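A structural walkthrough
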Amino acid sequence: MQAHRTLTLQRPGLRHCGSSHIGQPKGPGKPMWNLIKRLLGRPAHHNTLSVPFLSTDENYTPPAWASHLELVPQKRVGLGILPTPIHKWNIPGLPEGIEVFIKRDDMSGHELSGNKVRKLEFLLAQVLAGGHDCVVTIGGIQSNHCRATAVAARYLGLDCHLVLRTSRAAVGSDPGLVGNLLLDRLSGAHVHLVTKEEYARTGGQILGETLVEQLREQGLNPYLIPVGGSNALGTWGYLQAVEEIRQQTQGWGVTDIVMACGSGGTTAGLALGAHLAGLGTRVHAYGVCDDPDYFYNFVDALIADLGADKHPDKCGGSSGGTSTAGPYAARALLRAVQAKGLGYAMSTDEEMRTVKEVAEATGICLDPVYSGKALHGLLGEMRAHPDAWRGRKVLFVHTGGLLGMFDKIEQLGALYTGSTDAAAGTAGAGAGEGVQGGAG
């Protein structure tokens, strides 16, 4: 790994932390993939739950129930280890009469684990189809999305530039190698730091576009991936995941789907997909930043970009919602729940205790920023209103992010030593808490 470098970019407030990449090849790893293709053969031309790993030229056929959407991707890159398993989850302290299952998207890969892999299968397919030589994306200092993008880009022979927000005190220093940052830098990503104040004032999209223009001036051909990979194209990752869930849970009687909601794309895909596929489930999105109105509006925008509202005659089965709004309105498709607690990437001791107790009882580790907060919120509701949940069969989607736990060592350690003096959220508090759209 090269020594850390810090330099000021043309835009004030944005600092470049250099790349640890040495001598990586440019362009997709064609020789390796050509060998894999000859050994495994090509899949049949119909919707499949996965494509061969590191496949870069696979045509995509959507599930029949989503084929009417205006925006349908043409290509899909094989990045995830799919389908991910679903199994019963015996959570301690669960009220009587409630069953919980867990969808293990934390097992979608190793360096690439988590929900972002599914989005990147479609986003990076477009990057390759457009002949781009590098990608730019944005997130918090411990962004799971940025880590997954950095690793996936390197798999495909692309350079990656990450705009990461951090505290004002830390922006001029080396960001270190804790958690997701370790894989960011091991995979050779170019890290550009910006303060959370600059991020809030300017916006992640504009910061990303600014860096894209600077890279173009250097003769590069960058592609900007939005925060969390959450645009209409990225939403296809979880539209496709719904087909996976549909096939895996046939006959189970699942009544509810629950997930953490940060940048909104996973929620949009699951909610719209469940509706179009006729699953008849209620969808609950536990927001780890912003507020419910923000997420309803954001999901509405993604659905509009997909062109779903242009075909109301093909609205699928029941969404399980109670809204009287149109069939594709976010408020009809899902229930957004405030679960951010102290703020984005800031954990209360109660939230961390939930993560600890669930891991000790079931062996399943939840990250503190996303799934940990979502489960804490879900259990709080179930225990406060058990009659509302009795008889329900709930599928909880684990979106990964375990590397973020390494940024909470001090706070988690206090739970084991018996100390209650650790300030909640001090580890990782510079990750951009309270900034719209989360960190991905």
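Residues numbered from 1 in each chain as written. Predicted model: local features only at pLDDT ≥ 70, side-chain atom pairs only at ≥ 80, totals over all residues. Heavy atoms only, no water.

**Re the packing of helix 2 (residues 116–129) against helix 3 (residues 144–155)**
Where we set the bar: Geometry is summarised by axes, namely lines fitted to C-alpha atoms with helices restricted to the contacting stretch, and by angles between N-to-C directions that run from 0 to 180 degrees. Starting at the N terminus, helices and strands are each numbered in turn, a helix being any DSSP run of H or I of at least four residues and a strand any DSSP run of E of at least two. Here the word oblique covers every angle except those under 35 degrees (roughly parallel), over 145 (roughly antiparallel) and from 65 to 115 (roughly perpendicular). Left-handed describes a crossing whose near helix is turned anticlockwise from the far helix by less than a right angle; the clockwise case is right-handed. Contact definition: two residues touch when any of their heavy atoms are within 4.5 Å.
Where helix 2 meets helix 3, the axes come as close as 10 Å, and the angle between the chain directions of the two elements is 50°. The pairing of helix 2 with helix 3 is recorded here as oblique in orientation. Judged by the twist between their axes, the crossing of helix 2 over helix 3 is right-handed. When helix 2 is examined against helix 3, the residues Lys116, Leu120 and Leu124 are found in contact with a partner set consisting of Asn144, His145, Ala148, Thr149, Ala152 and Ala153.

**Quick word on unusual backbone geometry**
Looking along the chain, the bond that leaves Leu82 and enters Pro83 is cis, with omega of -5°. Here Pro83 is to be found in the loop between strand 4 (75–76) and strand 5 (86–88). A positive phi angle, close to 55°, is found at Asp290, a residue other than glycine. Among the secondary structure elements, Asp290 is positioned in the loop between strand 12 (282–287) and helix 9 (292–306).

**Some words on the confidence of the model for the chain**
Where we set the bar: Across the chain, each position has a pLDDT score giving the predictor's confidence in that residue, from 0 to 100.
Chain-level statistics for the chain give a pLDDT mean of 86 and a share of 81% at 70 or above. When the criterion is pLDDT under 50, residues 1–9 qualifies, and its contacts beyond four places in sequence or with other chains add up to 29 contacts. Below pLDDT 50 for its whole length, residues 20–45 participates in 40 contacts with residues either more than four positions away or in separate chains.

**Some remarks on the pairing of strand 9 (residues 190–195)**
Applicable threshold: Classification of residues uses two cut-offs on accessible area relative to the type maximum, computed with a 1.4 Å probe and protein chains only: under 20% is buried, over 50% is exposed, and between them is partly exposed. At least two bridges found by DSSP between two strands are what make those strands a pair.
Within strand 9, six of the six residues are buried, which leaves the element mostly enclosed by the surrounding structure. Side chains His190, His192 and Val194 of strand 9 all project onto a buried face; the interleaved residues Val191, Leu193 and Thr195 project onto the opposite face, where all are buried too. When strand 8 (residues 159–166) meets strand 9, the two strands line up parallel, connected through six bridges. Within the sheet, the bridge partner assigned to His161 lies in strand 9 and is His190.

**Details of a nonpolar patch on the surface**
For the record, the criterion: Patch membership is restricted to residues that have no salt bridge and whose relative accessible area is over 30%. Joining uses 9 Å for like charges and 5 Å for the nonpolar side chains Val, Leu, Ile, Met, Phe, Trp and Tyr. Per-residue accessibility takes into account occlusion by the displayed protein chains alone, with areas from the Shrake-Rupley method and a 1.4 Å probe. For this document, the term salt bridge refers to a Lys or Arg side-chain nitrogen within 4 Å of an Asp or Glu carboxyl oxygen.
Together, Phe53, Ile81 and Tyr155 make up an exposed nonpolar region whose accessible area comes to about 260 Å². You can see Phe53 is positioned in the loop between helix 1 (30–40) and strand 3 (58–59). Assessed through its relative accessible area of 34%, Phe53 is described here as partly exposed.

**Points about the side chain of Asp106**
The cut-off we apply is this: For the purposes of these results, a polar contact is taken to be a pair of N or O atoms within 3.5 Å, where, inside protein, one atom must be able to donate a hydrogen and its partner to accept one; residues adjacent in sequence count only when each atom of the pair is a side-chain atom.
Turning to its location among the elements, Asp106 is positioned in the loop between strand 6 (99–104) and helix 2. For Asp106, the side chain forms a polar contact with the side chain of Arg104, separated by 2.9 Å. Filtering out sequence-adjacent residues up to four positions away, Asp106 remains in contact with Ser113, Gly114, His398 and Gly400.

**As for the sheet that holds strand 6**
An order of 5-6-14-11-12-13 is seen for the six strands of this open sheet, with the pairing classed as mixed. The open sheet has two edge strands with one neighbour each: strand 5 and strand 13 (335–338). Ignoring strand direction, the axes of neighbouring strands in this sheet form an average angle of 25°. Where strand 5 and strand 6 come together, three bridges link them in antiparallel fashion. Its bridge partner lying in strand 6, Lys88 is registered against Phe101. Its contacts with the sheet place helix 9 against strand 11 (256–261), strand 12 and strand 13, and it is angled at close to 145° to strand 13.

**Re the packing of aromatic side chains**
Quick reminder of the rule: Two aromatic rings, drawn from Phe, Tyr or Trp (for Trp, its six-membered ring), form a pair once their centres lie within 6.5 Å of each other, and the interplanar angle then sorts them: stacked below 30 degrees, edge-to-face above 60, tilted otherwise.
Throughout the structure, instances matching the rule amount to eight aromatic pairs. With centroids separated by 5.5 Å and ring planes inclined at 55°, the aromatic side chains of Trp89 and Phe396 adopt a geometry described as tilted. Here the residue Trp89 occupies a position in the loop between strand 5 and strand 6, and Phe396 occupies one in strand 14 (residues 393–398), the gap between them amounting to 307 residues. Residue class for Trp89 comes out buried when judged on its relative accessible area of 2%. Here Tyr294 and Phe298 contribute two aromatic rings whose centre-to-centre distance is 6.0 Å and whose plane-to-plane angle is 20°, an arrangement assigned as stacked. Highlighted residues: Tyr294 and Phe298, both in helix 9, separated by four residues, approximately one helical turn. What makes Phe298 partly exposed here is its relative accessible area of 23%.

**Side note on the side chain of Thr255**
For Thr255, the position within the fold is in the loop between helix 7 (232–248) and strand 11. Engagement of the side chain of Thr255 in a polar contact is seen with the side chain of Asp256, the distance being 2.5 Å.

**Quick look at the pairing of strand 7 (residues 134–140)**
Note the threshold: Place the viewer so that the strands point away; then a crossover is right-handed whenever the path from the first strand over the helix to the second strand goes clockwise.
Here strand 7 lies mainly inside the structure; seven of its seven residues are buried. With seven bridges connecting them, strand 7 and strand 8 associate as parallel partners. Directly across from Cys134, in strand 8, lies its bridge partner Asp159. After leaving strand 7, the chain enters helix 3 and then returns to the sheet as strand 8, a path that is right-handed. Bridge count between strand 7 and strand 10 (residues 222–224): three bridges; the pairing is parallel. Along strand 10, the bridge assignment pairs Val136 with Leu224.

**Focus on the state of the cysteines**
Rules: Pairs of cysteine sulfur atoms within 2.5 Å are what we label disulfides.
The full count for this structure, using the stated rule, is zero disulfides. Cys261 takes part in no disulfide bond, and the closest cysteine sulfur, belonging to Cys289, lies 7.0 Å away.

**Overview of the environment of Glu244**
Positionally, Glu244 belongs in helix 7. Given the relative accessible area of 1%, Glu244 is considered buried. The residues contacting Glu244, other than those within four sequence positions of it, are Leu49, Leu82, Pro83, Thr84, Lys103 and Arg118. For Glu244, the side chain forms a polar contact with the side chain of Lys103, separated by 2.5 Å. Only 2.8 Å separates the side chain of Glu244 from the side chain of Arg118, close enough to count as a polar contact.

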